[in-house]
Amino acid sequence: MTTWTSRTFAQGLAALTAFAESNPDEDRRAREDFPKQWDPHRFPWMDASLLAWRLHGKEDAEGLTAAARRLQKEGRNLPRSERLILQSLADSWCSVFEILEVRLNQGLRLRDLLLDEVLEVRERSLTTQVEPGDVMLTWAMPVEDHLELTGGIVPVLPPQLTPLLDVARGEKKTLAASVEPSEQRRRLRRLAPRLFRAMMELSDRPLELSSLAELFDELPEDVLPPPRRRAFQDAALKRPRKKPRTDEKLEPGSAYVFKLGPIDTVKDGRFHFYVGVPAEGPLPPPASAKRDAEGLAAIARELKGLTLYCESKLARAGQGLGLVSRTMPTSVSIVRAALALHLHWGTMAPRGIPPEAIDALLQALSRLIRAAPWDLWSNEEVFPFSFSGGVEGRREVSVMGGGGHEVGFVVFDRVGTMERMAGLVDQPSHMDKLIPDSLGLTLEDEPAWVAKCVQEVTGLAFVPDLLRMQRNAPRPATFEEVLLTTATALALAEARPEEEEVSVELREQGARVQVHAEVPLPLLTGSYIGKVPFEDVVEASPRHLHKTKKKLPTRKVSETLLDFAKDLVTQVQRSPDPQEELFVVLALALSAWNAVVQDTWEPHKGWVERARATLRRLPKEDRETMGRDFEMLVERKRRHFADDPRLLTGLDVVVRRGGDLGVRVLGLPTPGAWPEYVGT
């Protein structure tokens, strides 16, 4: 086990930095391996990468890094923890790593793409930010019985991966072959400056829109994975299969038996838990066994004297024990779902939470999944929440899922957290940031047996993971925090972008929580947002035109949108992902256009101001850039496109066969303009 704390590690790095700077010649030579200067906003990871190279990458004439030199010179007089830190840094190496598996709050399984090694890494904070398939350039170091990451984390985007590997493998060929893994890592470490310079060059390389399309055609399909979609998201689009709840209860003197699992362990293999729920009294301790007969026999002894019922799959094994197959009562299904989640959450399971409160959370989350707010809002559009009753105070809420990564939401304890988090991006190190106090709720499909238990009570097979972070460490959520999570899910499920606010009330276990939330206006969906559903506009459009005062514009809607946003479109060519960047630019332009159209012709005014309010809550850099662009677009619409009453929706940016990017968008005259432009 590691024998240092994060504070001890920070102190060790500070002492090592002072030691490295005491040798100006070696420090200067290390700096010369990196570019003389760079834009800290565009390349915030370069500071941390240079620091890592100076402290445990660059070797002197004797083949020693600063960490190895200090360990050699002063190690005898240092505490054991600091000696261990120096030894770990001295053995570190830099490479390109692909994430194979993420174990939340525990660690990562990585593949070193340059050494072709599969590595187990102990890591906590990064597990909430990455997923399998992501690639990063960073440093790894051996620490006693495991590996950890250090230095800066540089995400490698799909279009950058192949060029970066070509550079790395080309440089690697210049190094003599070595059969010793430690020597291979040491020699690979010497390539670190070239790898980071290559990443800067790849990030700074301007791409023409057509050349990006060619790049997308050339890359293998597995380099550009589509956003991962969970099974429960597709299931939510279908008619609910939830069975109606009944009031059927167990009669006095009886109990219902079911099993949970399978539970996989390295030491003992796979086993199940067997649980008996009596009609009266507390639950007896569960029994664990690898075979049904053993588990049922153990739980039957605990419930001796009671009439025993069981689920049908246990009927055969329990026949000799007197168990009778019977449909599981709803009350037992709720207990089973709560226990399944308790087992899945492990040490992070909330303590003393009644099954009814867990059931209320699951019901709220099933409504949230069907509402799918992540299809409209990004994680940067902040929901200000106000709580009263059983939970008091103001919070910030961010919806996750728009990017195809985590699906769920985060409730931040303090207003302004999103702004502060965005400000930390420019700091040198990405690994030592404080994790804000928050409640995070993510949704997954696995483990399948837990999802099936949840499906029995909600109609959807999903698995929620609840993570409470406080003082930079996880801890189990309290009863009040479970209620807060439930109320938040209900409010997000009820939120409608065309409404400015939403209020809900939760009553559970004698507690009452009232929630009031301000609803931000989605600005980057590429879809129309308004009081009248767009499909209703299509259905209600007049079929017979009469004499009108004005003529509708005849120019194609896509050409109009590109002309409208031309000042922003020209900036797309310098983006590493022009296809995505063009969509974002045009989506903002579409939102500005629609807001002006609705403020001009529709009875419900205030759309431009609602968009401004949403922009004011974005992180500073996005707020300033997008706010400036939005105001320019609003002015341009009013001055140069004032007579175009079409609402826009259905934006899509596609790669055409010839390699160019194409734009698709739909447009219809807003109903308020029909008397002037269409006739009634």
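Please refer to the structure placed before this passage.
Residues numbered from 1 in each chain as written. Predicted model: local features only at pLDDT ≥ 70, side-chain atom pairs only at ≥ 80, totals over all residues. Heavy atoms only, no water.

Draft legend 1. Representation of the overall build of the protein in the model. When helices and strands are counted, the protein shows 24 helices and 20 strands. Taken over 680 residues, the protein has a buried fraction of 50%. For the protein, the share of sequence-separated contacts (at least 6 apart) that also reach a separation of at least 24 residues comes to 65%. A total accessible area of about 33,200 Å² is found for the protein, and carbon and sulfur atoms account for 50% of it. (Helix = DSSP H or I, 4+ residues; strand = E, 2+ residues; numbered from the N terminus. Buried < 20%, exposed > 50% of the residue type's maximum accessible area, 1.4 Å probe, protein only. Contact = heavy atoms within 4.5 Å. Areas by Shrake-Rupley, 256 points an atom, 1.4 Å probe, with all protein chains shown as cover.)

Draft legend 2. Quick peek at helix 14 (residues 355-371). Here helix 14 spans 24 Å end to end across 17 residues, near enough to the 24 Å set by a 1.5 Å rise per residue. In terms of burial, helix 14 is a largely internal element, 12 of the 17 residues being buried. Turning to helix 14, its buried residues number three or more, namely Ala 357, Ile 358, Asp 359, Ala 360, Leu 361, Leu 362, Gln 363, Ala 364, Leu 365, Ser 366, Leu 368 and Ile 369. At the exit of helix 14 stands Ala 372, carrying a positive phi of roughly 50°. (Expected span 1.5 Å × (residues − 1).)

Draft legend 3. Spatial organisation of the pairing of strand 12 (residues 393-400). Counting buried residues in strand 12 gives six out of eight residues, a clear majority hidden from the surface. Connecting strand 11 (residues 383-389) to the antiparallel partner strand 12 that follows it, the hairpin turn spans three residues. Pairing analysis gives five bridges linking strand 12 to strand 13 (residues 408-412), with the strands arranged antiparallel. Within strand 13, the position partnered with Met 400 by the bridge is Gly 408. (Pairing = 2+ DSSP bridges.)

Draft legend 4. Layout of the packing of helix 22 (residues 607-616) against helix 23 (residues 620-640). It is at 9 Å that the axes of helix 22 and helix 23 come closest, and there the two elements cross at 165°. In terms of orientation, helix 22 lies roughly antiparallel with respect to helix 23. Read as a crossing pair, helix 22 and helix 23 show a hand that is right-handed. Here Val 608, Ala 611, Arg 612, Leu 615 and Arg 616 of helix 22 lie close against helix 23, whose contacting residues are Arg 623, Met 626, Gly 627, Phe 630, Glu 631, Val 634 and Arg 638. Class assignment for the residues of the contact of helix 22 with helix 23 results in six nonpolar, one polar and five charged. (Axes fitted to C-alpha atoms, helices over the stretch in contact; angles between N-to-C directions. Parallel < 35°, antiparallel > 145°, perpendicular 65-115°, else oblique. Left-handed = near helix turned anticlockwise from the far one by under 90°. Nonpolar A, V, L, I, M, F, W, Y, C, P; charged D, E, K, R; others polar.)

Draft legend 5. How the structure looks around the nonpolar core. Formed by 75 residues in total, the largest nonpolar core has its most connected members in Leu 365, Phe 383, Phe 385, Phe 409, Leu 443 and Phe 462. With nine residues, the top contributor of residues to this core is helix 17 (residues 479-494). Apart from residues lying up to four places away in sequence, Leu 443 is in contact with Arg 230, Phe 232, Leu 365, Ile 369, Trp 374, Val 407, Phe 462, Val 463 and Pro 464. Counting residues in each nonpolar core, the second largest holds 46 residues, with Ala 52, Ile 99, Val 121 and Leu 137 among its members. (Core = buried A, V, L, I, M, F, W, Y, C linked by side-chain atoms within 4.5 Å.)

Draft legend 6. Region of the structure containing the packing of aromatic side chains. Under the counting rule described, the total for this entry stands at nine aromatic pairs. Each ring, one from Trp 45 and one from Phe 196, has its centre 6.3 Å from the other, and the planes form 35°; the classification is tilted. Separated by 151 residues along the polypeptide, Trp 45 in the loop between helix 2 (24-32) and helix 3 (46-56) and Phe 196 in helix 8 (residues 192-204) bring together distant segments of the chain. Given a relative accessible area of 7%, Trp 45 falls into the buried group. Members of the aromatic cluster, joined through ring pairs, are Phe 34, Trp 45 and Phe 196. A cation over a ring is seen here: Lys 637 above Trp 593, with NZ or CZ 4.3 Å from the ring centre. (Phe/Tyr/Trp six-rings, centres within 6.5 Å; stacked < 30°, edge-to-face > 60°. Lys NZ or Arg CZ within 6 Å of the ring centre and 35° of its normal.)

Draft legend 7. Local environment of the sheet that holds strand 10 (residues 324-325). The five strands lie next to each other as 8-7-6-9-10, forming an open sheet whose pairing is mixed. Across the chains shown, the open sheet's two edge strands, defined by having one partner strand only, are strand 8 (287-289) and strand 10. As defined by bridge partners, strand 6 (residues 254-265) adjoins strand 9 (residues 307-310) across four bridges and the pair is classed as parallel. In the strand pairing of strand 9, Tyr 256 is matched with Tyr 309.

Draft legend 8. Structural view of the side chain of Thr 417. In this fold, Thr 417 is placed in helix 15 (residues 417-423). In terms of polar contacts, Thr 417 uses its side chain to reach the backbone carbonyl oxygen of Arg 414, at 2.7 Å. Dropping the residues within four chain positions of it, Thr 417 is found in contact with Glu 396, Phe 412 and Pro 436. (Polar contact = N/O pair within 3.5 Å; in protein donor to acceptor, adjacent residues only side chain to side chain.)

Draft legend 9. Spatial organisation of the pairing of strand 5 (residues 146-155). Burial analysis of strand 5 places nine of its 10 residues in the buried class, the great majority of the element. Pairing between strand 4 (residues 135-143) and strand 5: seven bridges, direction antiparallel. Each bridged residue has a counterpart across the sheet, and for Leu 137 the counterpart in strand 5 is Val 154. The antiparallel hairpin formed by strand 4 and strand 5 contains two residues in its connecting segment, where Glu 144 sits at a positive phi of about 50°.

Draft legend 10. Expanded view of the sheet that holds strand 17 (residues 501-508). If you walk across this open sheet you meet the eight strands as 16-15-14-13-12-11-18-17, and the pairing is antiparallel. For this open sheet the edge positions go to strand 16 (473-475) and strand 17, each flanked by a neighbour on one side alone. With direction set aside, neighbouring strand axes in the sheet form an average angle of 25°. Contacting strand 11, strand 12, strand 13, strand 14 (438-444), strand 15 (463-470), strand 16, strand 17 and strand 18 (511-518), helix 17 runs over the sheet at an angle of about 140° to strand 17.

Draft legend 11. Structural detail: the environment of Asp 112. Tracing the backbone shows Asp 112 in strand 2 (residues 107-112). For the pair Asp 112 and Leu 137, spaced 25 residues apart in sequence, the C-alpha separation works out to 9.9 Å.

Draft legend 12. Structural view of helix 13 (residues 330-345). Along its 16 residues, helix 13 runs 23 Å from first to last C-alpha, staying within 8% of the 22 Å computed at 1.5 Å per residue. Turning to helix 13, the residues buried within the fold contact strand 6, strand 7 (269-278), helix 14, helix 16 (448-458) and strand 15.

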